[in-house]
Amino acid sequence: MRLYMKYRSSNTPAIAAAKAGFSPATAYRIDQDPSPPSTKKTPRGRRRPDPLAGFWDSEVVPMLKAAPGLRAIAVFAEIRRRHPDLSESVRRTLERRIRAWRAVNGPDQDVIFRQDHEPGRMGLSDFTDMATLAVTIAQQPLDHRLYHFRLAYSGWEHAHVVLGGESFVALAEGLQNALWSLGGVPADHRSDSLSAAFRNLDREAAKDATRRYEELCAHYGMSASRNNRGVAHENGSIESPHGHLKRAVEDALLLRGSRDFTDLAAYRRFIDEVVGQQNARRIKEVAVERDALKPLPPDRTRDFERTIVCVTSSGGFTLRKVFYTVPSRLIGHRLRVHLFDDRLDCFLGGTHVLSLPRGRSRGNGKHGHVVDYRHVIHALRRKPMALLNLVYRDQLFPRQAYARAFEALLAAGDERRACATTVELLSLAHERGCEAALAQLLEIELAAGRLPDLQDLRERFQAPTAALTTVTVDLVPLSVYDELGTVRPGEPA
């Protein structure tokens, strides 16, 4: 229209319209009324009455001002409580009106500042729960989470399976595994305040955890930082990748065709493979970042907790509401225990005597049990009736077949025989090293409705007798020894 008015100053309407690119009819219309069509339309009013007019200013707005964080659905529920005749269809209208009101009158919101990350500058740690993946170990559900480490610049990541909760021990072990796999150290390390690690800790214990975390970072020359508690986006460079990692693991499980693994080591190898494939896509970025990393220290620092326990006459010790059995020869001794996330290393003086899988206390406040039947079977053979009401009886059986055999023997009505036979079965499994094979035979017998025949099983698993080799000894005559002392002429004495 501006171009037309320029040409119109020195040309007729038809010529000016041709130069401006529209018809002469439009030119004559503009000459009669130069105002644009948009200003000629009358604004459309409401087509139906406002359903919120009766209570928006008097009830809804005061609620929004009094409680700025109140959800729209809660406001709608309250309004319907006050006005039962209000239609359900008004909900979307109310939500749009509240959203528009908050855009103009609501409080200021937090602003996320996107960061430009430098190579080698920032590494981040966090934990993510894996319960939704329904992974099992030997058909048993695995309650676990992943410790997740990631470099902010290149996206290189490392994941470590954690069996317990978010603790300093899990953080220290996972972080050090990540750094040694990476081959270098970033300048800064950020965590999520270790808030879960501080849960249920008193002030002194929380200070101790903070001190150990700072010492861990100082050992590797990293500056320790934390995001504000409850503000996830401050750790956004790893919070969002949690979802990507979970989806990658889920896809790999679907391709694998099974979520069950033979043991924990197999599942950890599976996680390492998935993470390795993710890192393979970032080779160029990782190469750039590795050049900017600081070198590793000569060795690792402590990634476990130390404590001392006493082995009682019960054949074990209690630690963190979990009872552990040990060989009975250690009764009365004090053991130094290194407490890792997934195991306990036990020392007598400076000698490592055994390692035990780490147990967890039950959620109902009762003690957990980590029992190895080999530690107590010799004592049970002398007192087989102790099995009947043993506190950790269910944890004593190494496989389900032994528990089923004990239940079947009890159902036969003779408690003494049930205890004696079950103890002898465990003893046979230990002495002959046939725990798995014996369990298979027990399953077959029980499936056929037969009780275990101890004598028959002993014959099946009896130790092979080695054939004696006949040795013939030819005795040398004693006269031969006289020759040794005889000196012949011409020979030196």
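Residues numbered from 1 in each chain as written. Predicted model: local features only at pLDDT ≥ 70, side-chain atom pairs only at ≥ 80, totals over all residues. Heavy atoms only, no water.

This part covers the sheet that holds strand 11 (residues 322–325). What holds strands together in a sheet is hydrogen bonding between their backbones, with the strands either parallel or antiparallel. As summarised here, the arrangement of the 3 strands in space is 10-11-15, forming an open sheet in which the pairing is mixed. Each edge of the open sheet is held by one strand with a lone partner, namely strand 10 (316–319) and strand 15 (368–370). Across the sheet, the axes of successive neighbouring strands diverge by a mean angle of 20°, strand direction being ignored. As defined by bridge partners, strand 10 adjoins strand 11 across 4 bridges and the pair is classed as antiparallel. The residue bridging glycine 316 from the neighbouring strand is threonine 325, located in strand 11. (Pairing = 2+ DSSP bridges. Helix = DSSP H or I, 4+ residues; strand = E, 2+ residues; numbered from the N terminus. Axes fitted to C-alpha atoms, helices over the stretch in contact; angles between N-to-C directions.)

For any two helices packed against each other, one specifies the inter-axial angle together with the distance between the axes. At a minimum axis distance of 8 Å, the contact between helix 15 (residues 400–411) and helix 16 (residues 415–432) shows a crossing angle of 160°. Considering the angle they form, helix 15 stands roughly antiparallel to helix 16. The interaxial crossing formed by helix 15 with helix 16 has right-handed handedness. On the side of helix 15, the interface is formed by Tyr402, Ala405, Phe406, Leu409 and Leu410, while helix 16 contributes Glu415, Ala418, Cys419, Thr421, Thr422, Leu425, Leu426 and Ala429. For the contact of helix 15 with helix 16, the class distribution of residues is 10 nonpolar, 2 polar and 1 charged. (Parallel < 35°, antiparallel > 145°, perpendicular 65-115°, else oblique. Left-handed = near helix turned anticlockwise from the far one by under 90°. Contact = heavy atoms within 4.5 Å. Nonpolar A, V, L, I, M, F, W, Y, C, P; charged D, E, K, R; others polar.)

This part covers the packing of aromatic side chains. Under the defined criterion, the tally for this structure stands at 10 aromatic pairs. Considering the side-chain rings of phenylalanine 317 and tyrosine 324, the 5.4 Å spacing of their centres and the 25° angle between planes classify their relative orientation as stacked. Pair check on accessibility: phenylalanine 317 and tyrosine 324 agree, each one buried. A ring pair is formed by phenylalanine 397 and phenylalanine 406, whose centres lie 6.0 Å apart and whose planes are at 40°; its orientation type is tilted. Members of the aromatic cluster, connected to one another through ring pairs, are Phe261, Tyr267 and Phe270. In this structure, arginine 256 is placed above the aromatic ring of phenylalanine 261, and the distance from its NZ or CZ to the ring centre is 3.8 Å. A cation over a ring is seen here: arginine 343 above phenylalanine 340, with NZ or CZ 3.7 Å from the ring centre. (Phe/Tyr/Trp six-rings, centres within 6.5 Å; stacked < 30°, edge-to-face > 60°. Buried < 20%, exposed > 50% of the residue type's maximum accessible area, 1.4 Å probe, protein only. Lys NZ or Arg CZ within 6 Å of the ring centre and 35° of its normal.)

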